[in-house]
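Fold and geometry: a report
Here are the chains, one letter per residue:
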Amino acid sequence: MKSRTNVLIIGGGVAGCSLLYHLAKRGFTDAVLVEKNELTSGSTWHAAGLCTQFNASFNMMKLLRYSVELYQTLESETGQPVGYHRCGSLRLATSEARLDEYRHRKGMADTLGIPFEIVSPERALELFPLADLSDVHGAAYLPSDGHVDPSGVTQAFAKGAQSKGAEIVRHAAVTGIERAGGSWIVHTSQGDIRAETVVNAAGQWARSLGRLVGIDLPIVPLEHHFLVTEAIDAVAAMGVELPVLRDADASFYVRREGDGLLVGPFEPHTKPWGLDGIPDDFHSRLLEPSLDRLGEVLKAAAKRVPLLADAGIKTIVNGPDGYTPDGRCVMGPVPGLPNFHVLAGFSIFGIVFGGGAGKYAAEWIVDGQPSDNMWEVDVRRFGDYARSTQYVAERAVEVYGHEYAIHYPELERYAGRPLKTGPLYDRLLDRGAVYGARFGWERPLWFAPERGAEDVYSFRRGGWHDAVGAECRAVRARVGVLDQTSFAKYEVSGPGATAFLDRMCANKLPRAEGRMALTQMCTPKGGIECDLTVTKLGCDHYYVVSAAGTESHDLAWIQRHLPGDGSVRLDNVTGRYGVLTIAGPRSRDLLQALTEADCSNEAFRFFRYRELVIGMAPVRALRVSYVGELGYELHHPLEYQRHLYDLLMAAGEEHGIVDFGYRALDAMRLEKAYRLWGVDISADYTPIEAGLDRFVDFGKGDFIGRDALVQQRDEGATRGLACLAIETQDCDAHGYEPVRAGRRIIGYVAAGGYGPVVEASIALAYLPAEFLAPGIELTVELLGVERKATVVAQPLYDPKNEKLVS
């Protein structure tokens with residue numbers, strides 16, 4: 001066993017072995033993988049080994065696509081059989097809402113080049129003649145779907161990596177990990193290994209392994225069953241392998257297994273396992289079946305496939321796999337731990353995503369970032385709130401139970417909530433707030449006429465559509481207030497703070513106290529890593545604000561670049577300050593009524609900051625607006641929030657003040673074509689491509705990403721973010737719908753929705769440069785129908801920004 005390596009992978013499942021294979025292909029032939037037992041896929045016990053997970057997000061579908069492509073060639077490359085069966089899969093729809101989901105998914109699949117058909121009940125019966133489809137409206141058919149042998153895939157990755165010089169050490173249990181001399185020392189039962197980079201790929205053991213370095217990864221094991229029947233004559237008589245059948249509304253899948261059938265149920269309430277730690281000797285073992293939980297699902301399976309009712313059961317399997325709070329894996333660098341990565345939490349779908357995940361994880365390690373946006377699986381999407389075992393378990397159980405539920409746009413889950421609440425939580429509930437959660441924070445999404453309303457979801461327009469439209473019109477005509485306490489907030493100070501932030505930010509810093517700047521922090525390749533505002537509070541003292549969902553991500557990026565001399569101090573003050581945003585043409589009148597300070601445009605200009613006293617509350621007032629109206633963010637010590645809100649509502653009554661929520665905020669930002677990190681801007685795109693080059697100061701000196709941006713500026717960007725107006729009546733783009741010029745897909749929607757004030761269905765999409773001119777006519781596919789879409793000048797609302805700055 002080597003005593004030193006560039007990269008050490010801990011865990012010999014499919015993802016870990018895929019990473020080793022891809023590192024070796026990149027020339028990292030000294031990479032080492034240690035496994036405390038034998039190499040095996042974490043889902044080896046799960047005989048289905050399915051190659052497609054239908055509810056994957058768009059970027060996880062990229063992992064899936066690459067995995068499937070790789071599995072088809074891996075056997076010929078390595079000589080190791082992987083048992084790839086291309087039998088196709090069939091997913092039933094018993095409602096129009098389910099068919100809408102399939103239509104939306106088909107658009108995503110078309111964009112990615114994944115074969116996907118929506119077929120009639122008659123065609124579905126031809127494909128799976130054993131089923132009773134009398135209540136079926138249609139089905140989604142994926143002809144390239146299938147299943148593989150997870151153990152064979154794992155061994156093939158291992159063989160391919162070893163053939164290129166990488167090392168695998170079996171029966172090497174990790175007993176400790178420490179940081180020393182700028183690298184990691186990993187203690188194993190076979191000796192110590194010093195590594196520049198360590199990857200925790202330990203599957204359901206990843207949480208326990210993480211605790212060796214002081215972190216609690218949001219992964220818990222959950223039980224999952226499948227059963228295999230005795231031989232069935234009708235199955236044995238079939239000359240072809242059946243497609244995998246999924247009855248989403250009944251929450252099970254079934255496929256052929258030899259001359260019998262294999263059934264995998266997703267019961268509503270599975271059981272967490274090993275929450276106090278997984279036994280050291282638990283490897284390639286199973287749990288006792290819990291058939292009492294499966295009764296209703298199995299009854300539904302027998303109704304759908306009548307042969308099951310009389311079939312004998314040959315095998316019942318119950319095994320655990322690691323789940324996260326949102327059902328997506330965790331990848332990438334772990335905050336606070338230099339060169340320590342994670343690659344785990346794939347649930348039972350490790351075989352689905354493991355091959356692709358290994359590729360992107362290798363890019364993350366070698367290149368500093370993956371070649372595609374992996375924010376949806378980035379470990380930094382979680383914060384300290386997800387360290388709680390109870391929270392992770394409750395959320396994971398809910399995710400499991402909803403595996404086959406319709407995954408609507410804007411869908412909110414309810415387990416583990418409410419968790420982080422501001423002082424106005426109950427007050428806004430009484431005023432009709434319908435809440436959603438972001439980064440553990442409860443945030444008002446929209447306001448109903450009275451308390452107790454709930455979201456009614458649709459792939460067309462949700463039940464909140466009219467209420468959100470009313471909120472938008474009220475804000476644009478009068479004034480509204482929004483609780484934005486969940487904003488991520490940091491203070492950067494110290495004698496080196498100005499030079500440090502100047503190096504980090506693409507835009508010039510505010511020079512004078514009381515000024516603000518909107519800026520991006522870029523990767524060395526010029527991609528947008530962070531999007532935030534920087535306010536100068538004093539000499540070498542700055543207040544940095546970014547989105548709630550990127551708190552850990554942005555904090556980690558800034559921390560990663562801090563100088564080692566102690567000249568810069570970084571404080572996360574998110575929980576210390578609340579934020580109430582007031583916006584609308586009467587917001588200045590409202591603010592002026594509550595303070596003795598001069599709030600005129602001359603005294604308090606756009607992108608300025610002032611310390612005010614409102615009533616008895618000290619307020620850090622920032623004149624900035626994400627809705628594109630005159631507006632102010634009122635940052636304040638959290639304990640003053642109820643007092644401040646009461647003052648605003650009382651003084652705002654004569655101005656027609658309304659509460660508004662985040663869905664109205666999003667609709668209004670689309671009307672202004674404002675960008676949102678993680679949705680329509682990310683490290684995949686540069687400020688130039690995103691139309692944010694006005695926030696890049698090329699003349700200020702060096703900053704991270706400048707060289708790449710200068711080159712792109714001089715050569716010209718080949719793509720850009722266009723704004724499209726879509727001709728549609730009852731549905732809007734939600735994201736990832738294909739954009740076509742003629743029959744050719746030229747891009748996909750990054751963000752979309754309805755603009756209530758401009759009365760237009762809006763989409764933002766990255767398109768080739770030749771399609772960016774206003775007036776160009778294209779199409780956007782919405783729920784299976786191609787709709788005319790016209791490139792329009794940005795923004796649709798107040799294009800001269802007269803309302804914003806006056």
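A brief structural summary.

The rules behind each value
Just so you know, the residues in each chain are numbered from 1, in the order the chain's sequence is written. For this predicted model, a pLDDT threshold of at least 70 governs which residues receive local features, and a threshold of 80 or more governs which side-chain atom pairs are given and counted, while totals over whole chains, interfaces and linings are taken from all residues. Remark: hydrogens and water are excluded; side-chain values derive from all non-hydrogen atoms of the structure. Aromatic rings from Phe, Tyr and Trp, taking only the six-membered ring of Trp, are treated as a pair when their centres fall within 6.5 Å; an angle between ring planes under 30 degrees marks them as stacked, one over 60 as edge-to-face, and anything in between as tilted. Numbering of helices and strands runs from the N terminus, with a helix taken as a DSSP run of H or I at least four residues long and a strand as a DSSP run of E at least two residues long. We call a residue buried when its accessible area falls under 20% of the maximum for its residue type, exposed when it is over 50%, and partly exposed in between, using a 1.4 Å probe and counting protein chains only. Axis angles are defined between N-to-C directions and span 0 to 180 degrees, where every axis is a line fitted to C-alpha atoms and, for a helix, only to the segment in contact. Left-handed describes a crossing whose near helix is turned anticlockwise from the far helix through less than a right angle; right-handed describes the clockwise counterpart. Note on definitions: a residue-residue contact is assigned when non-hydrogen atoms from the two residues lie within 4.5 Å. Here, any two strands with at least 2 DSSP bridges between them count as paired. When the strands point away from the viewer, a crossover counts as right-handed if the path from the first strand over the helix to the second runs clockwise. What counts as a salt bridge is simple: a side-chain nitrogen of Lys or Arg found within 4 Å of a carboxyl oxygen of Asp or Glu.

1. Comments concerning the packing of aromatic side chains
Evaluated as defined, the whole model comprises 23 aromatic pairs. Ring centres 5.2 Å apart and planes at 55° place the aromatic pair F266 and Y404 in the tilted group. On the criterion of sequence distance, the pair formed by F266 in the loop between β13 (260–265) and α8 (295–304) and Y404 in the loop between α10 (389–401) and α11 (425–430) is long-range, its members being 138 residues apart. The exposure classification of F266 matches that of Y404, with both residues buried. Taking the centre distance of 5.6 Å and the plane angle of 80° together, the rings of Y385 and Y391 count as edge-to-face. Residue class for Y385 comes out buried when judged on its relative accessible area of 14%. Site record: aromatic cluster; members linked through ring pairs are Y253, F266, Y323, Y400 and Y404.

2. A word on the packing of helix α12 (residues 465–477) against helix α17 (residues 662–671)
Between two packed helices, both the angle of their axes relative to each other and the distance between the axes serve to describe the pair. The contact between α12 and α17 brings their axes to 9 Å, and the two run at 60°. Here the hand of the crossing between α12 and α17 comes out right-handed. Residues V468, E471, C472, V475 and R476 of α12 form the contact with α17, whose own contacting residues are R663, A664, A667, M668 and E671.

3. Some thoughts on the pairing of strand β2 (residues 32–35)
On β2, burial covers both faces: V32 and V34 on one face and L33 and E35 on the other are all buried. As paired elements, strand β1 (residues 4–10) and β2 share 3 bridges and run parallel to each other. In the sheet register, L8 faces β2, and the bridge partner there is V32. Taken together, β1, helix α1 (residues 14–25) and β2 form a β-α-β motif whose crossover is right-handed. In this sheet, strand β6 (residues 167–170) lies alongside β2 in parallel orientation, the contact comprising 4 bridges. Bridge pairing in β6 places V34 opposite V169.

4. Points about the side chain of T523
Turning to its location among the elements, T523 is positioned in the loop between β21 (516–522) and β22 (528–538). Ignoring sequence-local partners within four residues, the contact set of T523 consists of Q369, E529, W557, A683, I704 and G705.

5. Section: the pattern of salt bridges
Taken as a whole, this structure holds 52 salt bridges when the rule is applied. When the shortest N-O distance is used, the salt bridge between K299 and E296 registers 3.7 Å. Pair noted here: K299 and E296 are both in helix α8, with a separation of 3 residues, about one helical turn. The class for E296 is exposed, based on a relative accessible area of 60%. For R476, the salt bridge goes to E671, with nearest N and O atoms at 2.9 Å. Taken together, the residues R476 in helix α12 and E671 in helix α17 connect sequence positions 195 residues apart. Classification of R476 by relative accessible area gives buried; the value is 7%. The network of salt bridges with common partners includes K106, D110, R740, R743, E781 and E786.

6. Details of the sheet that holds strand β29 (residues 658–659)
Overall, mixed pairing links the 6 strands, which are arranged β26-β27-β28-β25-β19-β29 in an open sheet. At either end of the open sheet lies a strand with only one pairing partner, and these are β26 (609–614) and β29.

7. What about unusual backbone geometry?
Backbone torsion omega between R417 and P418 reads -10°, so that peptide bond is classified as cis. Here the phi dihedral of D798 falls at roughly 45°; this positive angle occurs in a residue that is not glycine. On the secondary structure map, D798 appears in the loop between β35 (785–792) and α19 (802–805). According to the relative accessible area criterion, D798 is buried, its value standing at 10%.

8. Describing the sheet that holds strand β34 (residues 777–782)
Taken together, 6 strands build a closed barrel; the order of strands is β30-β33-β32-β31-β34-β35 and the barrel is antiparallel. The average angle at which neighbouring strand axes cross in this sheet is 40°, direction not considered. Bridge count for strand β32 (residues 744–755) against strand β33 (residues 760–768) is 6 bridges, and the pairing is antiparallel. Bridged to A751 within β33 is L764.

9. Considering the pairing of strand β17 (residues 433–438)
With 6 bridges connecting them, β17 and strand β18 (residues 441–447) associate as antiparallel partners. Pairing of Y435 across the sheet is with P444, part of β18. Connecting the antiparallel pair β17 and β18 is a turn made up of 2 residues, with F439 showing a positive phi of about 55°.

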